[in-house]
Amino acid sequence: MISEPLIVEQGVSAGDHWVTVGSGSIRDALAELKKDGFTLLVFLTCVDHLADSSRQWPARYELVYELRNLEKPEQIRVRAFIDGDPPHIDSVHDLFPPANWEERETYDMFGIIFNDHPDLSRILMPDDWVGHPLRRDYPVGGEVVEFSEEHETWQTPPEKA
Amino acid sequence: MTDTITQGVTVTKTGEKGAFGGELLTVNFGPHHPSTHGVLRLIVDLDGEQVRSLKPVIGYLHTGIEKQMEALRWQQGVTVTDRHDYLSPPINNLAYALAVEKLMGVVVPPRADALRVIMSELTRLSSHLVWMGTSGLELGAMSMLMYCFRERDTILDMNEEISGFRMHTSYIRPGGVMADATPRFLEMLDRFIHDMPGHVDEYENLLTNNPIWRSRTIGIGRLSAEDAKVLGATGPMLRGSGVAWDLRRSIPYSGYENYDFEIATSDMCDCYGRYLVRIKEMREAVKILRQALDRLPDGPVNVDDRKMLPPPREELETSMEAVIHHFKLFTEGYSVPPGDVYVAVESGRGENGCYVVSDGTHKPRRVKFRSASFVNLQALEQMSLNHMIADMVAIIGTADTVLGDCDR
């Protein structure tokens, strides 16, 4: 289990155990859990708490790491809160290989920079995309739809317009 | 902000010396290639015909499902979950429904659980049938597609009978299922369970000892148990490497602990092993279906909670209370207590999970789908290295990725 000084807060949410650690010590916390048998990173993601009034949040972005011990089976969720523009956190791709793509996805969708990631590039969105779609301040349906009316006016040459 | 980030794929080994005296050649495979099961693009460095490095490029089927879920009310989200892994919609529904129910502390009646198991197993069968048909087609067993799609069509007919839709059923919903099974559905299911073992024998006759199929799959795409675990592979990819991990047994849901079935594994660790696992899983799915149908309990198929599910149609004509509930439910929806939860179910491809965060309002704060295809695809390079490019097609096939699931 995670050693006492690293833990900021812990609890149970709908039957799932979770632990919050400081954003600087995420690698140490996950390495300790891995040593204890939590060898599978089930998923890694981010939650954007912009304008979330359900409780007082320590920071805007919450990184969530779900780990599983395949022998028991037992699960634990590790959280870390980060802020900043862009927000930074250490990569864990060398501890858990599946984190490689998951971190690229989290960068793509939320703009979280994972320090020391070998290839932090967009994975789902096109390479030249601007913005990070899963941020709460990114509007739904904000881009011009191809072959729509706006698209046509944009495509028409000046003498015809 | 993006200045420090490398953009796109630039690393290739073109021009490097190969083992056969020639130079390496970088080839773009896909995205529109019939054997990529969707739109998967691979950047492959070839030495002669051998794969020296491989980089999957995904995102061509990205539809922003997770973003859409945030804009929809809790009960509307179900229709979107159907569409990410389009070969197993009811299993996707189930992961979402279980997550929302767990957050709300709702327990569905036993008949709903049994119907959920029936739909999950039918879906597993139909997903494996598509896999077997298309993989057979790619590796030279053309007739497999006809045989497999014949039975898949029976399953789609059953989907239509029970839910009105053939593919995107949205049948499993938070709080229960859409409607009770009709007598005709149970009849169709009974006949299907009776016929299916014979059909599986037929597939085995066509493939298991087929020399072409065997030489195309045995020893191809090896993935050791250790590697599979490290790379986070789940489903037939993991069980095909000899690890008996199945969420239906390890972390049971929807009453799977009450069914008697075996976990299919194979120690061959190659494409053929994964084929054997899927064949065995189809037989086990039929066994589960038989038990579920024989022991199908009577009773309601939905929770009796007017705050979560609409009242029956008849009640609307006599009860003002029912009209109010109906109106509130369809204008505002229900709200889910704040918190977060992760629920995983076993789909035909592996662990299909749903991580839901609620901020106490009538729309989710965040819904994350943990898709098996996305994680399993990362093992593709490990499996394909030093194989012929034609074998890579077999490996992509047996990895059974659905790109809609991968890109969400």
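In this numbering scheme, every chain counts its residues from 1 along its sequence in written order. Each chain is given a letter, starting from A, and each ligand a number, starting from 1, according to the order in which they appear as written. For a predicted model such as this one, the threshold for reporting local features is a pLDDT of at least 70, and the threshold for listing and counting side-chain atom pairs is 80 or more; totals across whole chains, interfaces and linings nevertheless cover every residue. Side-chain numbers come from the whole structure's heavy atoms, not from hydrogens or water.

**Observations concerning the pairing of strand E2 (residues 41-47) of chain B**
Residues and elements named next belong to chain B. Counted residue by residue, E2 has six buried out of seven residues, so it is predominantly covered. Taken together, the five bridges between strand E1 (residues 25-29) and E2 define a ladder with antiparallel strand orientation. Residue Phe29 lies in a different strand from E2, and its bridge partner there is Leu42. Note on pairing: two strands pair once DSSP finds at least 2 bridges between them. For helices the rule is a DSSP run of H or I covering at least 4 residues; for strands it is a run of E covering at least 2, with both sets numbered from the N terminus onward. Where E2 and strand E3 (residues 50-57) come together, seven bridges link them in antiparallel fashion. What sits directly across from Leu42, in E3, is Pro56. The classification of residues rests on relative accessible area computed with a 1.4 Å probe and restricted to protein chains. Under 20% of the type maximum is buried, over 50% is exposed, and intermediate values are partly exposed.

**Section: unusual backbone geometry**
The residue after Lys72 of chain A, namely Pro73 of chain A, is reached through a cis peptide bond having omega -15 degrees. Relative to the elements of secondary structure, Pro73 of chain A occurs in the loop between strand E4 (61-69) and strand E5 (74-82). That bond from Asp85 of chain A to Pro86 of chain A is cis: its omega, -5 degrees, falls within 30 degrees of zero. As for its placement among the helices and strands, Pro86 of chain A is situated in the loop between E5 and strand E6 (88-90). Positive phi, close to 50 degrees, is recorded for Ser170 of chain B, a residue that is not glycine. In this fold, Ser170 of chain B is placed in the loop between helix H5 (143-163) and strand E4 (172-173). The backbone of Asn386 of chain B sits at a positive phi, close to 65 degrees, despite the residue not being glycine. The topology assignment puts Asn386 of chain B in the loop between helix H15 (380-384) and helix H16 (389-399).

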